[in-house]
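Structural description and commentary
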Amino acid sequence: VEHGSTVAALSAGSRTRSAALLRCGNVADVIVIFDLDGTVWDSEPGILACMAHALDGVGHDITTAGDLRSHIGPPLATMLANLGVPEPQLDEAFRLYRERYLSAGVFEASLYDGVIELLAELEDGGHTLATATSKGSDPTMTMLEHFGLTDRFAVIGAASMDDSCSTKAQVLGRTLAELGQPDPGACVLVGDRDLDVLGAAGHGVDCIGAAWGFGGA
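Here we summarise the structure given alongside this text. Since the structure is predicted, the reported quantities are computational estimates derived from the model, not experimental observations.

Considerations on the overall build of the protein chain
Secondary structure assignment for the protein chain yields 9 helices and 7 strands. Taking all 217 residues of the protein chain together, the buried fraction comes to 49%. The contacts of the protein chain with a sequence gap of at least 6 include a subset with a gap of at least 24, amounting to 70%. As presented, the protein chain carries roughly 9,100 Å² of accessible surface, and 51% of it is formed by carbon and sulfur atoms.

Structural notes on helix α3 (residues 44-57)
In this model, α3 (14 residues) spans 20 Å end to end at C-alpha, consistent with the 20 Å of a helix rising 1.5 Å per residue. Among the residues making up α3, those that are buried are Glu44, Gly46, Ile47, Cys50, Met51, Ala54 and Leu55. Along the axis of α3, the buried residues cluster in a sector spanning 165 degrees; they form a single face. Contacts from the buried residues of α3 go to β2 (41-42), α4 (76-82) and α5 (87-103). Phi turns positive, to about 75 degrees, at Gly59, one or two residues after α3.

Comments concerning the sheet that holds strand β6 (residues 187-191)
Hydrogen bonding along the main chain pairs the strands of a sheet, whether they run parallel or antiparallel. If you walk across this open sheet you meet the 5 strands as β5-β4-β1-β6-β7, and the pairing is parallel. Only two strands of the sheet have a single neighbouring strand rather than two, namely β5 (155-159) and β7 (206-209). Across the sheet, the mean angle separating the axes of adjacent strands is 25 degrees when strand polarity is ignored. Taken together, the 3 bridges between strand β1 (residues 31-34) and strand β4 (residues 129-136) define a ladder with parallel strand orientation. Looking at the pairing, Phe34 lines up with Thr131 of β4. Along the sheet face, helix α6 (residues 115-124) touches β1 and β4 and points at about 155 degrees away from the line of β1.

Rules of the game
Residues numbered from 1 in each chain as written. Predicted model: local features only at pLDDT ≥ 70, side-chain atom pairs only at ≥ 80, totals over all residues. Heavy atoms only, no water. Helix = DSSP H or I, 4+ residues; strand = E, 2+ residues; numbered from the N terminus. Buried < 20%, exposed > 50% of the residue type's maximum accessible area, 1.4 Å probe, protein only. Contact = heavy atoms within 4.5 Å. Areas by Shrake-Rupley, 256 points an atom, 1.4 Å probe, with all protein chains shown as cover. Expected span 1.5 Å × (residues − 1). Arc of directions from axis to C-beta. Pairing = 2+ DSSP bridges. Axes fitted to C-alpha atoms, helices over the stretch in contact; angles between N-to-C directions.

Shown next as structure tokens:
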């Protein structure tokens, strides 16, 4: 599914997804759980600026980090390590990234075309909506409030700010628990990275790929 076809593709998918998803009996019973970065909103500008800020702050040459965009997605500590930040500098890089992200980066983002309509259509179709993001809970809430999306979701699953719950599998597990442990076959995760697919699979949940996001087609 490419950017620009968001509403048509996901709305159609919510109705005709697969026999596995329809085994819950009524397709309206399917709980739709959203990743956020690269799925609901394009947060690339803020994330890249905060990456550069953190790397510069610990004296790490940005040119050695390769394609910064390809590193978007994992939990923050993992992302910084993947960028080549040495372990002794990870805590400081983590602090610098969060410092800038909470004050500026959260606002350097935009919703993907059609997202508002998609969420409304899913709600009108009787679906329960939730989130499962490896973004920290504080910036997640700030961004949801900024975009006026907070009330769209029955459960807002996000990473803990102390990084103790940060992987997609951990966050999704928390979301499912708050949803009352529904049948995994009655849930679908919408996300843009392989981490979403793997995290969902770990809970027996199907995944719809958002090819307009950071993971590509």
